[in-house]
Number of protein chains: 2
Amino acid sequence: MKELLVTLDTSAKAFLYEQIYASLRRDILEGRLSCGERLPSARLLASQLQVSRSTVDAAYAQLVSEGYLKARRGSGYYVCEAGELYDFTNGKGWNIADEPVQLRAGKKEEQLSVKYNFLPGQVDDGAFAYNAWRKCTKEALLELESSRSLLRAGHPQGEYALRRAIAAYLYQARGVRCEPEQLVIGAGNEYLLQLLGQLLDGPRKVAMESPTYLQAYHTFCNIGYAVCAVSMDEEGMRTQELPAEGVSLVYVMPSHQFPLGAVMPLRRRIMLLKWAAAGSGRYIIEDDHDSEFRYKGRPIPSLQGMAKQEHVIYLGTFSNSIMPSVRMSYMVLPHPLLKAYETRCGFYASTVSRLVQMTVCRFLEQGYFERHLNKMRGVYRARHDTLLQLLNDKPWVYRIYGSYAGLHLAVELACPLTEDALAARARAFGIAVQGMSGCYIAGKKKPDERPVLLLGFGNLTQAQLQEGVQVLEDAVKST
Amino acid sequence: MKELLVTLDTSAKAFLYEQIYASLRRDILEGRLSCGERLPSARLLASQLQVSRSTVDAAYAQLVSEGYLKARRGSGYYVCEAGELYDFTNGKGWNIADEPVQLRAGKKEEQLSVKYNFLPGQVDDGAFAYNAWRKCTKEALLELESSRSLLRAGHPQGEYALRRAIAAYLYQARGVRCEPEQLVIGAGNEYLLQLLGQLLDGPRKVAMESPTYLQAYHTFCNIGYAVCAVSMDEEGMRTQELPAEGVSLVYVMPSHQFPLGAVMPLRRRIMLLKWAAAGSGRYIIEDDHDSEFRYKGRPIPSLQGMAKQEHVIYLGTFSNSIMPSVRMSYMVLPHPLLKAYETRCGFYASTVSRLVQMTVCRFLEQGYFERHLNKMRGVYRARHDTLLQLLNDKPWVYRIYGSYAGLHLAVELACPLTEDALAARARAFGIAVQGMSGCYIAGKKKPDERPVLLLGFGNLTQAQLQEGVQVLEDAVKST
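Residues numbered from 1 in each chain as written. Chains lettered and ligands numbered in written order. Predicted model: local features only at pLDDT ≥ 70, side-chain atom pairs only at ≥ 80, totals over all residues. Heavy atoms only, no water.

Undergrad: For this particular structure, what's the right way to read the interface of chain A and chain B?
TA: Accessible area lost during the coming together of the parts is what is often quoted as the interface size. On the side of chain B, 53 residues touch chain A, which itself brings 53 residues to the contact. Counting each side, the surface lost to burial between chain A and chain B is near 4700 Å², with a carbon and sulfur contribution of 59%. At the boundary of chain A with chain B, the tally comes to six salt bridges. Close ionic contact of Arg152(B) with Asp125(A) constitutes a salt bridge, the shortest N to O distance being 2.6 Å. In this structure, the connection of chain A to chain B is made through 22 residue pairs in polar contact (both at pLDDT 80 or more). Of all the secondary-structure elements, those providing two or more residues to the side of chain A that touches chain B are α4 (130-146), α6 (189-199), α7 (214-222), α9 (335-345) and α10 (354-365) of chain A. With seven residues, α4(A) is the single largest residue contributor to the side of chain A that touches chain B. For the side of chain A that touches chain B, the class distribution of residues is 24 nonpolar, 16 polar and 13 charged. (Contact = heavy atoms within 4.5 Å. Buried area = accessible area lost by both parts, 1.4 Å probe. Salt bridge = Lys/Arg side-chain N within 4 Å of Asp/Glu carboxyl O. Polar contact = N/O pair within 3.5 Å; in protein donor to acceptor, adjacent residues only side chain to side chain. Helix = DSSP H or I, 4+ residues; strand = E, 2+ residues; numbered from the N terminus. Nonpolar A, V, L, I, M, F, W, Y, C, P; charged D, E, K, R; others polar.)

Next up, the structure:
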C-alpha cells in the first residue's frame, strides 16, 4: 500500500474533508490509484495528515457514495474500476452553492382538510425569500420597460443572460459543462420532453427506471414512445438489464432517483455512457431534478459532466429550488441535437414569460438563489433528521429508503394493509400520504409485499412532523 | 319586397346602425327574411326609418362582411342561405369590448440596424398600459404571497379566476360560449396545438389554408400530422375543396385570416360546420388570433359561438392583445375532448407561471384590458388608415389585401423583382419586410406572379409610416 500524496491547505476556503476527497478523486481518475488498490485505513490517513479521523471518514464516505471507492467490511477501502472514464477534468472541487430540491408529485393543489401534508412535491412556504423575489420581479419589470423590450418576444431558447447564469450555476454546482447556446429554457420538464420528442428522429423506445417519476413516463406514452421498464436496486437502474437492441434512449435520475433516492455509482454510470456510445443516435436523458438537497457529504456530480457531452441530455428544474409555480425548467442539448433543435423547433417562441425569466435571472445573478438554497438546505436537513429519527424508533417501520437527500423519505411499513387502504386510513386521520405503487410503470409493478409510503417533509415544521408521525402511528396501529 | 320591421331605440346605448344590423340579422336567422330575398335599397330603408343613408349602409356592409347578405352590383342586397344554422341565439348584439390584435411572425428579436420595422407581429411599445400592468403585477404578487399560494403549483388548466375572466370576455367580445371548466391556458398557441395532438386519437390529417400561419403548419408536421393544403380566395378557405375522406381536422382562421385578412362568410362557415358534423371525431380548430382589431363595422362573431360547440376547438392568444412576451394562449375544448384532456393530459402542470396568470387576471378583471384594447384600436386604426392611404396613391402598388383589420396589410406590388430580392433590397434601405411566399404550405406554393409584402404597422408611428413608405418606394424604384 503506497503512501498517499494528499496536500492540505488549511487556509483554503474548502473544508479539509473536501480537499482530501478532491485529492483522492484526482488520483483515481488520473490513474495514480488504480483499480482494486487498497487505501490506507481512515485512522492511518488521519494520523498521517494530522486531521481528525472523522474528517477522513467523511471524505471516504463521499468517494464511496460516488462510486470511486468500495468499502469491504473489516477489510478497508478499495478503488473501483474507473480508468475508463472519458474525460473527467472538471476537477475544481465542488464548491457547491448549496441548493434545495423539491419532490415531484401532487401537482394539483390539495383542497382537502388535511392537517399533515406528507405528500412529496411540497416546498416550504414560510422560509422563502419573499423580499428578494419581490425586489427581483420589480427590477426585472422596470428594466424590461426601460429597455422597451417588455412587450417583445424574446429569444426562443430563453433570455441569453438567464442562460448564462444557469450555465455558470450548473458548472459550479453540478459539474455540467455547457455553453449558454446549448441551453433551452422551457415551461416545465414535461414540455421539454415533448420538445425532445420533436427533435429526435421518429418515435423511439425509451428505457426508464421502475419505479420512476411517472409524469415523465406518461409524457413519453403521450408522444408515442414505447417505454421499456428496467429494474432498480439500491444502486439505481440495473444498467446490465438494458436491452442490447431496440432501446435508443434512457431516461435516468443518477444523482438522486425518484422515488427511491438511490445514487448511481460510477461503475453503472460508465456502463450507461458506454451503452450510449455503442450505437448511433443513442441518448441518455439525465433528469437531475433534486440533486440540490443533500444533507451528508457533497452533491454527486452530474453524469453530463463525466462524458464528452455527446450523448447526455441534461434536464433540470427550478420547481424544487425556487418554487413549483414558477414553471421553469432547462435542458442542455448536445451539439448534434442543438442543430436539430434549430432546424425543427427554432420557430417556437419561448414558453416562459420574459418577465419571469428576467426575475429568475436576477435572483441568480444577485446571489439570492445561492443564499436561498443554503438556507433551505439547513431547514430541510433539520426536518429530514427529525423525521428520520422519529421513524427509526418505530417498530412498524420496516425499512427507510432515500435518506440524506431530497425532500421525502420512502418508508416501507411492517403493516398488513395495502398501500391504498393505508393511505385512505391516514387520510381519515387528517394525513395526506402517497403510496409508492403509483410510481411503477405498467408491466413492471411493485412486488406485493409491504406497503411503501412516500413521506414528504418539505412543508412541515419539526413540531408538525412530530405530531404527524404520532398520528400516522395511530392510523397504522388502528388496523 | 316586404317591409322590414326594424324598431329603433334612439335612447339605447347601441348605435343606430348596430340596431339595424341586429334586427336584420335576427330576421335572417329566425327565418323572417329568407334565402334569396331582396332587401330594400339603403336609400329606401333610410327614409323609412328616418335615419341617414350612411347608417343603413354601415349596417348592410356589416351584414355583407359577415355573410348574411350579398350585394349584387346595380341590383341591391339579397339574403344569403342561412336557415340551416344550428343555434345562433347569442344574439345580444356584440357589445365588443374593443380589443387589439397583433400579427404573428418574426418571433426572434431583430438585432439588425432596421430603421423601419414593417415586419408583422409587432405591437406598439409606446402606448402600452405600463402603469396598470405594473400595478397588477405587484398586486398579484402580494396576493399570492399573503394567501401562501405563490409557491404552490396551481390548477393544471390554469387559475380558475383567470379562466372565468377569459370566458366572460370571450362571450361578450367574440360570442364564444364556454364554461371556465372548458378552458385550458397554456404557454402559446404552438404548445396548445401540441397538447391537442396528445388529446386526439392517433396522428391525423389536418386541412389548412394556404397561405397560412406557418408556425401552426410546422407544429403539425413536428407532431407527425399530415397536412392537406386547401386553396384560399377572398372568402377564406375554399371549403368546397375539403376532401371528403381522410381529413378529420381543419385548422382555420375564419374571422381574420393570416396573412390575407379574408373574412369567411356565413355560407362557408356553415359548410365547415356541416363537414365536421358529417363524420365522427371531426374537429375544426378555430384560430381567432387577431379578431380584436377591426377598424370598420363590428367584429365578426366566432365560429365556435355559431355551432353546438361539439366540433369546434377555439384558440386565442394574448400575444397581440397584451404582449407577445407574456406567452399565454387559451383554448376552449368541446366536452368530449375535455374528458380526453383530463384522462391523458390532466397530469401536466400548467405551463404558465402562476404570477403571470394572476397578473393577466387582474388586468382583465379591473377593466384595464378593455381600456387598453379601446385605446390601441384607436392607435392602430389611425396607423392603418395612414398606411392604406399612402399605399393607395402609389402606382407600384398593384393590390392591397386585408385592410380594415389586424396589424398588417398584404400588399401586392407591380414590380419585376422576386420577393426575396425585394426584401433584401428593402433591407439595404433600412426597411424590414416579410414576403408572403414564406406563408405557403409545401405543395401549395404561391403563384409566381407579383411579389406580395406583409407590411406590419403595429409599432410604427404615422410619421414613421410616411417616411417608411417613401423609403420603400425608393427601394422599389431603384430596381
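Undergrad: I keep staring at the relation of the copies chain A and chain B and nothing clicks. Help me out?
TA: Each copy of the chain is related to the other by a rotation around an axis and a translation along that axis. Between the two copies, chain A and chain B, the superposition gives an RMSD of 0.2 Å; the rotation angle is 180 degrees and the shift along the axis is 0.1 Å. Such values leave the two copies arranged in the relation of a two-fold axis. Of the residues that chain A buries at the interface, 100% are likewise interface residues in chain B, meaning the two copies contact each other through the same surface. (Least-squares fit on C-alpha atoms with pLDDT ≥ 70 in both.)

Undergrad: So what exactly am I meant to see when it comes to the pattern of salt bridges here?
TA: Should the charged atoms of two oppositely charged side chains come close, the side chains can pair. Residues and elements named next belong to chain A. Under the criterion given, the structure shown has 38 salt bridges over all chains. Between Glu473 and Lys477 there is a salt bridge, with its nearest N and O atoms 3.6 Å apart. Taken together, the residues Glu473 and Lys477, both in helix α13 (residues 462-477) and four residues apart, mark about one turn of the helix. The buried category is assigned to Glu473, whose relative accessible area is 10%. With a relative accessible area of 53%, Lys477 lands in the exposed category. (Buried < 20%, exposed > 50% of the residue type's maximum accessible area, 1.4 Å probe, protein only.)

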